Amino acid sequence: MTESQLKAASNKVLCTVSRIQPLTPTVQQVILTPKAPVEFKAGQYLQIYLSDSDKRPFSIACAPGFTFEGKPALELQIGGAVTDNYASQALAHLSDNTEVLVQVGLGEAYWREDSTNPIILLAGGTGFSYVHSIASAIANANLNRSVQLYWGLRNSQALYAADELAAWQASNVQYQLNLVVQEPDANWQGRTGFVHQAVLDDHADLAAYDIYIAGPFAMVGVVRDAFLAKGAKREQMYADAFAWL
Ligand SMILES: Cc1cc2nc3c(=O)[nH]c(=O)nc-3n(C[C@H](O)[C@H](O)[C@H](O)COP(=O)(O)OP(=O)(O)OC[C@H]3O[C@@H](n4cnc5c(N)ncnc54)[C@H](O)[C@@H]3O)c2cc1C
């Protein structure tokens, strides 16, 4: 067991489901209020127990220190395709219960605070939840650090968190936001295609970067191979989905 696995084992806690509200027609913001103190790092995930044998991982969207109505809380962003049972079954469980059991502080793809390398945050769809946690933590720390955020969206209706995106841009961070829409409509003026292709187009060599990645498994697999071929260092690429691929 690694040190973080040991810590997570003691981080099982009952939480009150304090809020479920839509961020888009298919993505819900969920706020959980733990009944006992929990610890996690920016970029870690939790597991919701649907039953003893059915645990679903979701990125913790907030940075450590997040509060809701004056109490320490956890934010999740859950959703994606309407046909996605993985998310819809978890949302049904959260809607049907006033309290849920979760295990917090899981995963090794957390933000490496001590590194001074420039950062690329890469999100596909609701992988933005993971990126939201790290970007919030960097902004909260008021670090003068280069952060390039790439968010790939199926369509422009999938975009949310406009306030946070604006706040990060106004912070001390040298921050560059790239929104990339896969299936643009006539009104979309921005970048199009697969989000990782935008990163490849913008960089001749990725060796200098710490790269944090979350999104559909198909995306994460493609990204790993394409970024390594573009010079990225494996030990500076972080994605919990690597463990599932
Ligand atoms: C540890 C862990 C944490 C998780 N946390 C969450 C969470 O917090 N919330 C949640 O809802 N789910 C979570 N999941 C489940 C899973 O990651 C989501 O189902 C996934 O991110 C959903 O993506 P989407 O449907 O929004 O993306 P889509 O809308 O399918 O895709 C978004 C973008 O990803 C890129 N992309 C997609 N497919 C490819 C491809 N084949 N090649 C290249 N690029 C591609 C494109 O740029 C596309 O526009 C988690 C899973 C694990 C293992």
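Enquirer: Outline the overall build of the chain, listing residues and values.
Expert: Secondary structure assignment for the chain yields six helices and 14 strands. Taken against the 2.2 N^0.38 rule, which gives 18 Å for 245 residues, the C-alpha radius of gyration of the chain at 17 Å falls within 12% of a compact globule. Along the longest, intermediate and shortest principal axes, the C-alpha atoms of the chain span 50 × 45 × 35 Å. Counting over 245 residues, the chain shows a buried share of 49%. Pairs at least 24 residues apart make up 71% of the contacts formed inside the chain by residues separated by at least 6 positions. For the chain, the computed accessible surface area is about 11600 Å², with 49% contributed by carbon and sulfur atoms. The distance from the centre of the 16 positive side-chain charges to the centre of the 23 negative ones in the chain is 4 Å.

Enquirer: Now, about the domain arrangement of the chain: what can you tell me, with residues and values included?
Expert: Along its sequence, the chain is organised into domain 1 (3-106) and domain 2 (119-244). Once you take the C-alpha centre of each, domain 1 and domain 2 turn out to be 22 Å apart. Opposite the 17 residues of domain 1 that make contact, domain 2 presents 16 residues. Between domain 1 and domain 2, the buried area comes to about 1200 Å², and carbon and sulfur atoms account for 59% of it. Counting across the domain 1 and domain 2 interface gives zero salt bridges.

Enquirer: Report on the sheet that holds strand β8 (residues 99-106), specifying residues and quantitative values.
Expert: Taken in spatial order, the six strands line up as β4-β3-β8-β1-β2-β7 in an open sheet, and their pairing is antiparallel. The sheet is open, and its two borders are formed by β4 (54-59) and β7 (74-79), each paired with just one other strand. Mean inter-strand twist for the sheet, computed between neighbouring axes without regard to direction, equals 40°. In this sheet, β4 lies alongside strand β3 (residues 45-51) in antiparallel orientation, the contact comprising six bridges. By the bridge assignment for β4, Gln 47 is matched with Pro 57. Against the sheet, helix α2 (residues 85-96) contacts β1 (12-22), β2 (27-34), β3, β4, β7 and β8, and its axis sits at roughly 100° relative to β4. Packing of helix α3 (residues 128-141) onto the sheet brings it into contact with β4 and β7, and relative to β7 it is tilted by some 155°.

Enquirer: Can you explain the site of the ligand? Please cite residues and give values.
Expert: Residues in close proximity to the ligand total 28 residues, the closest being Ser 59, Gln 77, Thr 126, Arg 154 and Gln 182. With respect to the ligand, the side chain of Arg 154 contributes an N or O atom lying 2.5 Å from an oxygen atom. Bound to the protein, the ligand loses 86% of the 980 Å² it would expose on its own. Contributing elements (two or more residues each) for the shell around the ligand: β4, β7, β10 (146-153), α5 (195-202) and α6 (217-229). Broken down by element, the residue count for the shell around the ligand peaks at four residues, all from α6. Looking at the shell around the ligand, its residues break down into 14 nonpolar, 12 polar and two charged. Summarising the domain contributions, the shell around the ligand has at least three residues from each of domain 1 (3-106) and domain 2 (119-244).

Enquirer: Describe the side chain of Ser 136, with residues and values.
Expert: Structurally, Ser 136 can be placed in helix α3. Given a relative accessible area of 12%, Ser 136 falls into the buried group. A polar atom in the side chain of Ser 136 sits 2.6 Å from the backbone oxygen of His 132.

Rules of the game
Residues numbered from 1 in each chain as written. Predicted model: local features only at pLDDT ≥ 70, side-chain atom pairs only at ≥ 80, totals over all residues. Heavy atoms only, no water. Helix = DSSP H or I, 4+ residues; strand = E, 2+ residues; numbered from the N terminus. Rg over C-alpha atoms; globule rule 2.2 N^0.38 Å. Buried < 20%, exposed > 50% of the residue type's maximum accessible area, 1.4 Å probe, protein only. Contact = heavy atoms within 4.5 Å. Areas by Shrake-Rupley, 256 points an atom, 1.4 Å probe, with all protein chains shown as cover. Lys, Arg positive; Asp, Glu negative; His and termini not counted. Charge placed at Lys NZ, Arg CZ, Asp CG, Glu CD. Domains from an automatic or database assignment. Buried area = accessible area lost by both parts, 1.4 Å probe. Salt bridge = Lys/Arg side-chain N within 4 Å of Asp/Glu carboxyl O. Pairing = 2+ DSSP bridges. Axes fitted to C-alpha atoms, helices over the stretch in contact; angles between N-to-C directions. Near = heavy atom within 4 Å. Polar contact = N/O pair within 3.5 Å; in protein donor to acceptor, adjacent residues only side chain to side chain. Nonpolar A, V, L, I, M, F, W, Y, C, P; charged D, E, K, R; others polar.

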